[in-house]
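If you want the building blocks of each chain, they are given just below.
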Amino acid sequence: QGPLQVSAALREGRVGAVELCQRCLARVRDTGFLNAYISVAEDAARRQAEEAEKRYQRGQPLGVLDGIPVAVKDNFNTAGIETTCASNMLKGYISPYNATVVQKLLDQGAVLLGKTNLDEFAMGSGSTDGVFGPVRNPWSYSRQYKEKNTSKSHSENEDSEWVITGGSSGGSAAAVSSFTCFAALGSDTGGSTRNPAAHCGVVGLKPTYGLISRHGLIPLVNSMDVPGILTRCVDDAAVLLGLLAGHDPQDSTTIQDTFKPFELPDSIDIRKLCIGIPKEYHVPELSSEIQTLWSKAADLFKDAGAKVIEVSLPHTPYSIVCYHVLCTAEVASNMARFDGLEYGHRADMKQSTESMYAATRREGFNDVVRGRILSGNYFLLKENYDNYFVKAQKVRRLIANDFVKVFGSGVDILLTPTTLSDAAPYVEFIKEDNRTRSAQDDILTQAANMAGLPAVSVPAALSKRGLPLGLQFIGHSFQEKQLLTVAKWFEKQVKFPVIQLEDVKRHDCSVFQHQKSVSSL
Amino acid sequence: LASWVAVVGLEIHAQISSNSKLFSGSQVQFAAPPNSLVSFFDASLPGTLPVLNRRCVEAAVMTGLALNCSINKKSLFDRKHYFYADLPAGYQITQQRVPIAVNGSLSYSLCIDNKMSQMVTKTVRIKQIQLEQDSGKSLHDDTRSQTLVDLNRAGVGLMEVVMEPDMCCGEEAAAAVRELQLILQTLGSSQAIMAEGQLRVDANVSVHHPGEPYGVRTEVKNINSVRFLAKAVDYEIQRQIEELENGGTILNETRAFDSKLGCTISMRDKEGKQDYRFMPEPNLPPLILYDAKTLPANMNHQQVVNIDWIRERLPDLPSVKRAKLVELYGILPEHSFTLLNEDGLAEYFENVIKHTQMKPKKVIGWILKDLLSYLKEHALSVKDSPVSSFLLADLLNLLERKEISSSAAKQVFEELWKGEGKTPLEIVKEKQLELLQDQEELEQICQAVMDRQEDEVGAWMLW
């Protein structure tokens, strides 16, 4: 099921690393229609698997991740493997270095299967706006979804019914959800790991800002980005976190404190917990299903003896607008380096440097990126800076203080929905533009990025349409252990069903057979 | 004609003398093969992050202390955006909001009426010192319609020193910059050689009638030496006065100094004023500096920069060195200026003093008149002098012991200058320049002369 169990299988020799790698690569091929992967590094992966197998044979595995196939979002630098950010600007770009988190995975013996698809430069909430096309949610092809969509489910029309993964780390979420790998890296700036995790029925962890190195993560918003972890269960997320967290001298925004990896207890005393329900997250756009699910979850904690109280984060309604200003400003700045001179796409324009820059950037960036650059530059103009940028920073401080107050008053964990509803069909989703969708979809996840807090989305139940619904837990700064402990307890209670993927050749392999009970809330 | 007052301020960029760049580990080296000193960060590869170089911070603190500044215990980094081929990231990391040092002063001296004997001390306020990145270099190849970009210099640490408009002419500006150069070289925070681009000076110049508000200022760039600085500033002052007296106006523009023509030329840009869209640098936390009072007890001193620790280790600044020379050796203040102005001359002088019995007040004459003029004539630096301080000391000893006359000494000096490896004593013997000490011998020579000139002697004795 996850790295821990597979690792045991590898150690015990029940399966070899090479065979495991082959099966995963085969699955990547078989699920190609999901468009979850941009690059698949078959040869490199096989070599890594061979090395791992040798180590297991010697009885000297590097650790729990040795030989475990993983995938990485295509906005992380990977030496020797194309890093495109799903943009024309970086098509064909082969980075000379590994992101710190990628290096850590490789140093642990993980087998890097490939780079996953995303919204261009991580801008979006659907994984629909990259140059390699949209990612399809594996649940679109699940028996659970098909059963509930009998009305138009003739095979010819099937193709138009598929639902989005959410974004922007949709490729990574889909890769984990469809069993092509055991864990994947995403990134989270406004919800980009938690959103697709919720839609794809996997665990999506956003760590505290400053805990995991961003060196090598191509930035969207430097002051909010974090590498995100996507796995099929909470324990696996904790394992990955333990291997990735810690100070990096190459990233001056990582904290100096030594990080102590932890194991999650199998049981906790829920009665000691105080769960906060922020009333401002009861937005009108919330689907009734999600509302009900949220209430049920609160009751679950209450019935187990936890203190469940309503709390207020009064500045929540301003976070989207505030995010819009700060995000676009940073985007305008971060994208300035893409001029075609040193790397990436260069337009065939020789009249002048300026004309070359202009053509390169027009050709290299999609409308979403260019729109944000224009907005951001506007907000950074001298005459606008105080009214927009500085104001937004002040509002950001207010938002962060909301959390400080609530957490300081005895609340351990906040419980909120992750998304407004289950995943939308692609044809519906694209009816609105990226900016509108992002503003809608980020509303429940965005504030945690503003405040730098850790948050995790855990699959909770299936919707009426047979699609995953997730719920979000937000914790104290650097208290990932408490956060994941509570998340694990919740995961155990809800027993979220395993995806029943059809239309995909299911290999007869024991490693995939670990099934949670099929009961749903 | 109504009188005019000129107002001159300076923006000086000094390249920090350090092994590696301000935010990355690539090497700092002059004249290396193009693009051989470029790290991933310098090339702005996506995903790379800045890491602050401790040595650069120390250099800035040292410089700030030497210029009597307040060191900001918390300073911030910002991004300054503009597109140019030699700026790979599309922005420069600088300190626009809160720089590392503010509100200092620099004292410098000028000779009045070109007489070394009358020196006057002036002060210029230092507005601030900020840390920032240097850009790369672009070379425009017009024949092939291309621009060649060398990023070796991109990311090298700079200290921008801003001098308030307290100066009034080219001479003052030049003297202030010269003193700053000496200070930086003494501290070792920058080698400050203008010819190698380690010290770049932009002048802000305006003119007005006394009692009236300041005029519109222009910025003058492309000044490659201290001498050209004085020329450029004076030219620009003149140009502005003439322009205004002819009923024209001064534009707030940037002008380039043309050293061949000796004038400033407008660099009128196609677009209007640049908006640099300053934004805080999100990848660098605020720079926190400590002093003895604020340093936490258990803090590893390797991890922090302690202002007091740096202050205690500052070397003697030029002004202090000069005062010491004057006090120790009884030389004139203007002499001390010349000694410090020439690289290595003060050390040369002191070494001669050590090895000779001649009084410093006499030695200084040999140093400043004889040695220095020979060096200037042959365009040599002190360290390349064919006459070492030991040789000169030997020569001066011969003179002091009256073994030779002073005119003979000058002849010997000229011989020594040929650098043939002979000692002063050897030259004296070779050219028979010894002063005759023997009384009897002297009498014999005089007698012989008088014998040959009987008539003259006779006439003299009658008289």
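As the structure is a prediction and not an experimental result, all values here were calculated from the model. (Residues numbered from 1 in each chain as written. Chains lettered and ligands numbered in written order. Predicted model: local features only at pLDDT ≥ 70, side-chain atom pairs only at ≥ 80, totals over all residues. Heavy atoms only, no water.)

J.: When you look at the overall build of chain B in this model, what are you seeing that I'm missing?
T.: Scanning chain B from terminus to terminus reveals 13 helices and 16 strands. Relative to its length of 463 residues, chain B is extended, with a C-alpha radius of gyration of 29 Å against a globular reference of 23 Å. Out of the 463 residues in chain B, the part that is buried amounts to 49%. Sequence-distant contacts in chain B: of pairs separated by 6 or more residues, those separated by 24 or more amount to 68%. Counting every atom, chain B has about 23,800 Å² of accessible surface; 51% of that belongs to carbon and sulfur. Counting 49 positive and 62 negative side-chain charges, chain B places the averaged centre of each group 7 Å from the other. (Helix = DSSP H or I, 4+ residues; strand = E, 2+ residues; numbered from the N terminus. Rg over C-alpha atoms; globule rule 2.2 N^0.38 Å. Buried < 20%, exposed > 50% of the residue type's maximum accessible area, 1.4 Å probe, protein only. Contact = heavy atoms within 4.5 Å. Areas by Shrake-Rupley, 256 points an atom, 1.4 Å probe, with all protein chains shown as cover. Lys, Arg positive; Asp, Glu negative; His and termini not counted. Charge placed at Lys NZ, Arg CZ, Asp CG, Glu CD.)

J.: Is there a simple way to think about the packing of aromatic side chains in this case?
T.: Each aromatic ring pair is specified by the distance between its two centres and by the angle formed by the two planes. All names here are of chain B. Under the defined criterion, the tally for this structure stands at 29 aromatic pairs over all chains. Between F228 and F257, the ring centres sit 5.9 Å apart and the planes meet at 50°, which makes this aromatic pair tilted. Here F228 is found in helix α3 (residues 226–245), whereas its partner F257 is found in strand β13 (residues 254–258), with 29 residues between them in sequence. Pair check on accessibility: F228 and F257 agree, each one buried. In this arrangement the basic side chain of R227 is found over the ring face of F228, its NZ or CZ atom lying 5.3 Å from the centre. (Phe/Tyr/Trp six-rings, centres within 6.5 Å; stacked < 30°, edge-to-face > 60°. Lys NZ or Arg CZ within 6 Å of the ring centre and 35° of its normal.)

J.: I keep staring at the sheet that holds strand β7 (residues 119–133) of chain B and nothing clicks. Help me out?
T.: All names here are of chain B. Spatially, the nine strands line up as an open sheet ordered β2-β6-β7-β10-β1-β11-β12-β13-β14, and their pairing is mixed. Two strands lie at the open edges of the sheet, namely β2 (70–71) and β14 (263–266), each paired on one side alone. Where β13 meets β14, four bridges bridge the pair, whose relative direction is antiparallel. Counted as the bridge partner of R255 is S266 from β14. (Pairing = 2+ DSSP bridges.)

J.: So what exactly am I meant to see when it comes to the state of the cysteines here?
T.: Put plainly, two cysteines are in a disulfide when a covalent bond ties their sulfur atoms together. Taken as a whole and assessed by the stated rule, the structure comprises zero disulfides over all chains. Cysteine A:C85 is unpaired, with the sulfur of A:C327 as its nearest cysteine sulfur at 14 Å. According to the relative accessible area criterion, A:C85 is buried, its value standing at 1%. Distance from the sulfur of B:C111, which forms no disulfide, to the nearest cysteine sulfur (B:C169) is 12 Å. (Disulfide = S-S within 2.5 Å.)

J.: I tried to follow unusual backbone geometry on my own but got confused; where do I start?
T.: Negative phi values dominate among residues other than glycine, just as trans dominates among peptide bonds. With an omega of 10°, the peptide bond running from A:G167 to A:S168 counts as cis. Backbone geometry places B:N103, a non-glycine residue, at a positive phi of 55°. In this structure, B:N103 sits in strand β6 (residues 101–111). Although it is not a glycine, B:R277 adopts a positive phi angle of roughly 45°.

J.: So what exactly am I meant to see when it comes to the domain arrangement of chain B here?
T.: Interfaces are often sized by the accessible area lost when the parts come together. All names here are of chain B. Assigned domains within chain B: domain 1 (5–290) and domain 2 (318–431). Taking only C-alpha atoms, the centre of domain 1 and the centre of domain 2 are 37 Å apart. Across the boundary between the two partners, domain 1 contributes nine residues, which contact nine residues of domain 2. A buried area of about 800 Å², summed over both sides, lies between domain 1 and domain 2, and 57% of it is on carbon and sulfur atoms. Between R322 and E179 there is a salt bridge, with its nearest N and O atoms 2.5 Å apart. At the boundary of domain 1 with domain 2, the tally comes to two residue pairs in polar contact (both at pLDDT 80 or more). Top element by residues in the side of domain 1 that touches domain 2 is helix α2 (residues 170–187). It accounts for five residues. Within the side of domain 1 that touches domain 2, the residues separate by chemical class into four nonpolar, three polar and two charged. (Domains from an automatic or database assignment. Buried area = accessible area lost by both parts, 1.4 Å probe. Salt bridge = Lys/Arg side-chain N within 4 Å of Asp/Glu carboxyl O. Polar contact = N/O pair within 3.5 Å; in protein donor to acceptor, adjacent residues only side chain to side chain. Nonpolar A, V, L, I, M, F, W, Y, C, P; charged D, E, K, R; others polar.)

J.: What exactly am I supposed to notice about the nonpolar core here?
T.: Soluble globular proteins tend to pack their nonpolar side chains together in the buried interior. Residues A:F121, A:F301, A:F403 and A:F473 are the most contacted members of the largest nonpolar core, which totals 149 residues. If we ignore the near neighbours within four places in the chain, the residues touching A:F301 are A:I270, A:I275, A:A306, A:V308, A:L415, A:F473, A:V486, A:W489 and A:F490. In this structure, B:M62, B:M163, B:L184 and B:L199 belong to the second largest nonpolar core, which totals 71 residues. (Core = buried A, V, L, I, M, F, W, Y, C linked by side-chain atoms within 4.5 Å.)

J.: Explain the interface of chain A and chain B to me, please; I cannot follow it from the model alone.
T.: Residue-level contacts link 39 residues of chain A with 29 residues of chain B. A buried area of about 2,800 Å², summed over both sides, lies between chain A and chain B, and 57% of it is on carbon and sulfur atoms. Counting every contact that joins chain A to chain B gives zero salt bridges. The tally of links between chain A and chain B comes to 20 residue pairs in polar contact (both at pLDDT 80 or more). Counting only elements with at least two residues in the side of chain A that touches chain B, the list comes to α11 (319–334), α12 (353–364), α13 (367–380) and α14 (382–408) of chain A.

J.: Just to check I follow, could you spell out the pattern of salt bridges for this structure?
T.: Side chains that differ in charge, positive against negative, can pair when their charged atoms come close. All names here are of chain A. All told, the structure shown has 43 salt bridges over all chains when counted by the stated rule. Close ionic contact of D348 with K350 constitutes a salt bridge, the shortest N to O distance being 3.1 Å. Residue classification places D348 among the exposed residues on the basis of a relative accessible area of 68%. A salt bridge links D422 to R465, with the nearest nitrogen and oxygen atoms 2.7 Å apart. With D422 in the loop between β9 (413–417) and α15 (426–429) and R465 in the loop between β10 (455–462) and β11 (468–474), the pair connects residues that are 43 residues apart, well separated along the chain. The exposure class of D422 is buried, given its relative accessible area of 7%. Within the structure, one salt-bridge network assembled from shared partners comprises R29, E42, D43 and R46.

J.: Please clarify how the packing of helix α1 (residues 54–66) of chain B against α2(B) should be interpreted in this entry.
T.: Each pair of packed helices gets described by two things: the angle between the helix axes and the distance between those axes. All names here are of chain B. One way to put it is that α1 packs onto α2 with a least axis distance of 10 Å and a crossing angle of 130°. Viewed along their axes, α1 and α2 adopt a mutual orientation that is oblique. Viewed along their axes, α1 and α2 form a crossing whose handedness is right-handed. Each of M62, T63 and A66 in α1 lies in contact with α2, whose residues at this interface are I183, L184 and L187. Looking at the contact of α1 with α2 residue by residue, the class counts come to five nonpolar, one polar and no charged. (Axes fitted to C-alpha atoms, helices over the stretch in contact; angles between N-to-C directions. Parallel < 35°, antiparallel > 145°, perpendicular 65-115°, else oblique. Left-handed = near helix turned anticlockwise from the far one by under 90°.)

J.: What's the story with the environment of A:D236 in this structure? I'm lost.
T.: Residue and element names in this part refer to chain A. In this fold, D236 is placed in helix α9 (residues 234–244). What makes D236 buried here is its relative accessible area of 1%. Between the C-alpha atom of D236 and that of P3, which follows or precedes it by 233 residues, the distance is 6.4 Å.

J.: What should I look at first to understand a negative patch on the surface in this one?
T.: A cluster of like negative charges, contributed by B:D438, B:E440, B:E441 and B:E443, occupies part of the molecular surface. With respect to the secondary-structure elements, B:D438 resides in the loop between α11 (424–430) and α12 (439–452). (Patch = residues over 30% accessible without salt bridge, like charges linked within 9 Å, V, L, I, M, F, W, Y side chains within 5 Å.)

J.: Sorry, what's going on with the sheet that holds strand β5 (residues 203–206) of chain A here?
T.: Strand pairing in a sheet is mediated by backbone hydrogen bonds. Such pairs are either parallel or antiparallel. All names here are of chain A. Taking strand neighbours across the sheet as the criterion, the 11 strands line up as β1-β3-β2-β4-β6-β5-β10-β11-β9-β7-β8 in an open arrangement whose pairing is mixed. Looking at strand neighbours, the two that pair on one side only are β1 (37–40) and β8 (307–311), the edges of this open sheet. With direction set aside, neighbouring strand axes in the sheet form an average angle of 30°. The sheet contact formed by β1 and strand β3 (residues 111–116) spans three bridges and is antiparallel. Looking across to β3, one finds that Y37 is bridged to T116.

J.: Hey, could you run me through the confidence of the model for chain B in this one?
T.: A low pLDDT means the predicted coordinates there should not be read in detail. Of the residues in chain B, 97% have a pLDDT of 70 or more, and the chain-wide mean is 91. Of the two predicted TM-score estimates for the complex, the pTM is 0.91 and the ipTM is 0.92. (pLDDT = per-residue confidence, 0-100.)

J.: Would you mind showing me how to read the environment of A:Q48 here?
T.: All names here are of chain A. Within the fold, Q48 resides in helix α3 (residues 42–57). Between the alpha carbons of Q48 and Y97 there is a distance of 17 Å; along the sequence they are 49 residues apart. Setting aside residues up to four positions removed in sequence, Q48 forms contacts with L106, A110, V111 and L112. One polar contact links the side chain of Q48 to the main-chain amide nitrogen of L112, over a distance of 2.7 Å.

J.: Sorry if this is basic, but what is going on with the confidence of the model for chain A here?
T.: Mean pLDDT over chain A stands at 92; residues scoring 70 or higher make up 94%. Under a pLDDT of 50 for its full length, residues 506–521 of chain A has, in the predicted model, 34 contacts with residues more than four places off or in other chains.

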